[in-house]
Protein chains: 2
Amino acid sequence: MKASQLFTKTTKNAPANETARNAQLLIQAGFIHKEMAGVYAFLPLGLKVIENIKTIIREEMNAIGGQELIMTSLQAREKWEVTTRWNDDVVDVWFKTKLKDGTEIGLGWTHEEPIIEMMKPFISSYKDLPVNVYQFQTKLRNELRSKSGIMRGREFFMNDMYTASIDATQHDKIYNGVMDAYVRVFERLGLGDDTYVTFASGGSFTKFSHEFQTVCETGEDIIYIHRKKNIAINEEVLDDETLQKLGITRDELEKVKSSEVANIFNFGTDKSEQMDLTYTDEKGDKKFVHLGSYGIGVSRLMGVIAEKLADDKGLVWPAQIAPAKVYLARLSEDVEVVKASDKLYDDMRKRGIEVFYDDRDVRAGQKFADADLMGIPYRIVVSEKTCQSGKHELKARTESDNKMLDNDGILEYLATVGS
Amino acid sequence: MKASQLFTKTTKNAPANETARNAQLLIQAGFIHKEMAGVYAFLPLGLKVIENIKTIIREEMNAIGGQELIMTSLQAREKWEVTTRWNDDVVDVWFKTKLKDGTEIGLGWTHEEPIIEMMKPFISSYKDLPVNVYQFQTKLRNELRSKSGIMRGREFFMNDMYTASIDATQHDKIYNGVMDAYVRVFERLGLGDDTYVTFASGGSFTKFSHEFQTVCETGEDIIYIHRKKNIAINEEVLDDETLQKLGITRDELEKVKSSEVANIFNFGTDKSEQMDLTYTDEKGDKKFVHLGSYGIGVSRLMGVIAEKLADDKGLVWPAQIAPAKVYLARLSEDVEVVKASDKLYDDMRKRGIEVFYDDRDVRAGQKFADADLMGIPYRIVVSEKTCQSGKHELKARTESDNKMLDNDGILEYLATVGS
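Residues numbered from 1 in each chain as written. Chains lettered and ligands numbered in written order. Predicted model: local features only at pLDDT ≥ 70, side-chain atom pairs only at ≥ 80, totals over all residues.

Asks: Explain the pairing of strand β19 (residues 378–382) of chain B to me, and be specific about the residues and the numbers.
Replies: All names here are of chain B. Within β19, five of the five residues are buried, which leaves it mostly tucked inside the rest of the structure. A two-sided burial pattern is seen for β19, the buried positions comprising Y378, I380 and V382 on one face and R379 and V381 on the other. Bridge analysis of β19 against strand β20 (residues 392–396) gives four bridges, and the strand direction is antiparallel. When the bridges of β20 are listed, V381 appears paired with E393. (Buried ≥ 20, exposed ≤ 12 C-beta atoms within 10 Å, placed from the backbone. Helix = DSSP H or I, 4+ residues; strand = E, 2+ residues; numbered from the N terminus. Pairing = 2+ DSSP bridges.)

Asks: Describe the nonpolar core, listing the residues and the values that go with them.
Replies: Within the largest apolar cluster, 219 residues are counted, with the highest numbers of intra-cluster contacts made by V326 and L328 of chain A together with V326 and L328 of chain B. In this structure, L328 of chain B is in contact with S341, L344, Y345, V355, F356, Y357, D358 and I380 of chain B, ignoring residues within four places of it in sequence. (Core = buried A, V, L, I, M, F, W, Y, C linked by C-beta atoms within 7 Å. Contact = placed C-beta atoms within 7 Å.)

Asks: Give me the sheet that holds strand β5 (residues 95–98) of chain B: which residues, what numbers.
Replies: Residue and element names in this part refer to chain B. Spatial strand order, β4-β6-β5: three strands in an open sheet with antiparallel pairing. Single-partner strands in this sheet number two, and they are β4 (74–76) and β5. The mean inter-strand angle of the sheet, taken between neighbouring strand axes irrespective of direction, is 45°. Two strands pair when backbone bridges link them, and β5 and strand β6 (residues 104–107) are joined in this way by four bridges, in the antiparallel orientation. Across the sheet, K96 pairs through a bridge with G106, a residue of β6. (Axes fitted to C-alpha atoms, helices over the stretch in contact; angles between N-to-C directions.)

Asks: Give me the interface of chain B and chain A: which residues, what numbers.
Replies: Taken residue by residue, the interface counts 40 residues in chain B and 40 residues in chain A. Of all elements in the fold, only β1 (32–36), β2 (39–42), α2 (44–63), β3 (67–68), β4, β5, α4 (112–119) and β7 (131–140) of chain B reach the threshold of two or more residues within the side of chain B that touches chain A. Here the side of chain B that touches chain A gets four residues from one element, more than from any other, and that element is β7 of chain B. For the side of chain B that touches chain A, the per-class residue count stands at 23 nonpolar, ten polar and seven charged. (Nonpolar A, V, L, I, M, F, W, Y, C, P; charged D, E, K, R; others polar.)

Asks: Hey, could you go over the environment of E384 of chain B for me, with residue numbers and the actual values?
Replies: Residues and elements named next belong to chain B. Tracing the sequence through the fold places E384 in helix α11 (residues 384–389). Along the sequence, E384 and E336 sit 48 residues apart, while their C-alpha atoms lie 7.7 Å from each other. Excluding residues within four positions of it along the chain, E384 makes contact with S332, D334 and V337.

Asks: Hey, could you go over the domain arrangement of chain A for me, with residue numbers and the actual values?
Replies: Taken as a whole, chain A is organised into domain 1 (13–309) and domain 2 (326–416). For domain 1 of chain A and domain 2 of chain A, the distance between their C-alpha centres works out to 40 Å. (Domains from an automatic or database assignment.)

Asks: Which residues make up the relation of the copies chain B and chain A, and what values go with them?
Replies: When chain B is fitted onto chain A, the two copies agree to an RMSD of 0.0 Å after a turn of 180° and an axial shift of 0.0 Å. On this basis, the relationship between the two copies can be described by a two-fold rotation axis. When C-alpha positions in chain B are compared against the rotation axis, the closest is assigned to T97 of chain B, at 2.7 Å. Both copies share a contact surface, since 100% of the interface residues of chain B are interface residues in chain A too. (Least-squares fit on C-alpha atoms with pLDDT ≥ 70 in both.)

Asks: Explain helix α1 (residues 21–28) of chain A to me, and be specific about the residues and the numbers.
Replies: Residue and element names in this part refer to chain A. By the burial criterion, the buried members of α1 are N22, A23, L25, L26 and I27. Against the buried residues of α1 lie β1 (32–36), α2 (44–63) and α8 (298–309). The first or second residue beyond α1 is G30, which carries a positive phi of 80°.

Asks: Explain the packing of helix α1 (residues 21–28) of chain B against helix α8 (residues 298–309) of chain B residue by residue, including any values.
Replies: Residues and elements named next belong to chain B. It is the contact of α1 with α8, at a shortest axis distance of 9 Å, that shows an interaxial angle of 90°. One element, α1, and the other, α8, form an angle in the roughly perpendicular class. Only G303, A306 and E307 of α8 make contact with α1, whose side of the interface consists of R21, N22, L25 and L26. (Parallel < 35°, antiparallel > 145°, perpendicular 65-115°, else oblique.)

Asks: An account of unusual backbone geometry is requested, with residue identities and associated values reported.
Replies: All names here are of chain A. Of the consecutive residues L129 and P130, the connecting peptide bond is found in the cis state with omega at 0°. Looking at the secondary structure, you find P130 in the loop between α4 (112–119) and β7 (131–140). Even without glycine at this site, N230 takes up a positive phi of about 60°. Tracing the chain through its elements places N230 in the loop between β11 (221–226) and β12 (231–234). Residue N230 is classed as partly exposed on the basis of its C-beta count, with 13 C-beta atoms lying within 10 Å.

Asks: Can you break down the sheet that holds strand β20 (residues 392–396) of chain A residue by residue, with the values?
Replies: Residue and element names in this part refer to chain A. The strand order β18-β17-β19-β20-β21 describes an open sheet built from five strands, whose pairing is mixed. Strands with a single pairing partner mark the edges of an open sheet, and in this sheet they are β18 (355–358) and β21 (402–405). Each strand axis lies, on average, 20° off the axis of its neighbour in the sheet, ignoring direction. Contacts from helix α10 (residues 364–374) reach β17 (326–330), β18 and β19 (378–382) within the one sheet, and its direction differs from that of β17 by about 175°. Across the sheet, helix α12 (residues 407–416) touches β17, β19, β20 and β21, and the angle it forms with β21 is around 130°.

Asks: Give a detailed account of the packing of helix α9 (residues 335–350) of chain B against helix α12 (residues 407–416) of chain B, specifying residues and quantitative values.
Replies: Residues and elements named next belong to chain B. In contact at an axis separation of 11 Å, α9 and α12 are set at 30° when each is read in the N-to-C sense. Put simply, α9 runs roughly parallel to α12. Between α9 and α12 lies a crossing whose hand is right-handed. Facing K343, L344, D347 and M348 of α9, the residues of α12 in contact are N407, I410 and L411. In the contact of α9 with α12, the residues fall into four nonpolar, one polar and two charged. (Left-handed = near helix turned anticlockwise from the far one by under 90°.)

If you want it as structure tokens, here you go:
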């Protein structure tokens, strides 16, 4: 990608109508555009980060046998009335609208009811189970307030997975498999050390549900982490009974602010009883299906990573989700400099390295500031001086020391670092 | 993909509540699920077709310098009031809803107004132009009726591109480039011969807009095609003036039913004048930006292809968008047959050939019927008989003759046909 062709531009000044640091930086760097509070468009650089996060999640969901599909935003009232969740007093984040004939319909804020309905024609026998399906879907939630940038949106990207099993034993096995897949996702996103499996309040079927909480100063939650055991307890279930159950004491816990990046629910047979999702077992008896629901906040994760890793110069992306791995800053319009830069650009691309090539005729200071603000992991500087020496300057976004390397040295170095 | 693991199943009976053949077949084959009239979820096989279509479009849009981004479903009233398009009497397909504080908001049925607004911070000088951006977005349109399956949905997938230029000359060049890209898309989708650039009514700025219409018996439009010139005229602009302008006579035209699979609009400076999108030219003068808007109906295309190519046995997908290239039907649970089938499955996958492996323990007739209904381009049969001879049966979906080929022969043959 060449800077001269990129539609967006960076801006020095933080937007006046944003208090959340993630939104401020992402708007300044040209990654997102605010439509209204809690509603953001994703510009080319921002969409790249989203797609990179989705790729990691998709690989892990496929690895545990998940099948991708996509459900709808428009939701029929009838399905939700069965579980009482159509009622605005029960669910307070519905956006509702009307068809031309006056029929009231809703906009999907989650997709449990429709997925259960969709499973009905495909599940009749125990041989049809287990089922494991997932989607990447835009969720619409009518939040009262929305001041956290892309960390809590009214319109946001989510990955949600739904599993159906014959019984608690099969369910538990799948549930643990999804937990492990989630752990791998957060490790691959560079959040492994700071993301805790957190015990939270369960539904009627289980005492606990599980959340994945990432330690983050601007998060909306408070959790109590147990570093040694690598678990945490949500404030809402922190009592003596929980502590005893987990075999820990109150003084081993550390109170931190966090953001809920994923959650997992075991519905047991509650929802399939409500909605009549059954199968016939080996003996020919009718049984209710065991259901699980699992969600990762895709755009929220982007916001959390932006908040957590940013420094005073701007964003800092882990290489695996950055919009480009290298920011190639050409500091002169001199023929030799252009030639050397173009060659390096082509060589890197041939090796599959994503490069953002700053080929604009602007001051060096502007290029360095943009490279930092955009948070690209590696910056390479090609100038008249580096061309004369035959060695260009390579610097990691998070380090202050440079390396001076020739063309081949740069390619070799980049092959050894990150993905 | 293995049939035994696929979440969906085929069904013999056409759904009672569908009159459109595309929806009937796609539901029977397990590609889509009806949520309500005009609103369909895309199941794993259906999503694969959608993603394959999107890949072709994305490649062509990137090739002409398009930059991908994604806008939002939730739309603020203010932007649309400027162009009068918030008014339900002007635009009759709005879905509208309300924030908690009572603010009325809309759901995106197109994205011209928001993209113009979004361009403002990034366009100030002639050096910032041209701009060419596109998205794949779920559009929500409150259609009065919706009985054409995925050929006219209330919720559907669209690829929309927007261009901004300094003047009519630059605009025309880009406009023609998009037209050429669209032609390539339809060729790659196998619709080249039956898709006509069609002259339709323009806005205030141009006499004509251009549509791409695909000849289709169940289409909602009527066009007059000129086979020799490879153009068509929409009923609404068929008059002597148009005929004269295009240098054709009425008796050279053939009246056909068609479906509008894409359209292109030249807005000139109309919309940028309304919304005040300007740039400064080389002389320092303020000028209005020239705008173009271009859209391809992604899910509609899937419906049109389903309608057009289907035969009495079911769907027929072109290889480049089929959910798999090969349907591998294993006709026995015998150890040798399983071994041979597994080997063929692995060999094909290693070569990057997408295979749907029917490893279920069901009758051969069921497997053949499913292969036909799902419309997979090639079917391979492995049975005790074919294992004994060392040659398995390969048949194209649209042919009745078989080929008998050994393992290597199959791999070689598949490498030569389609993509």
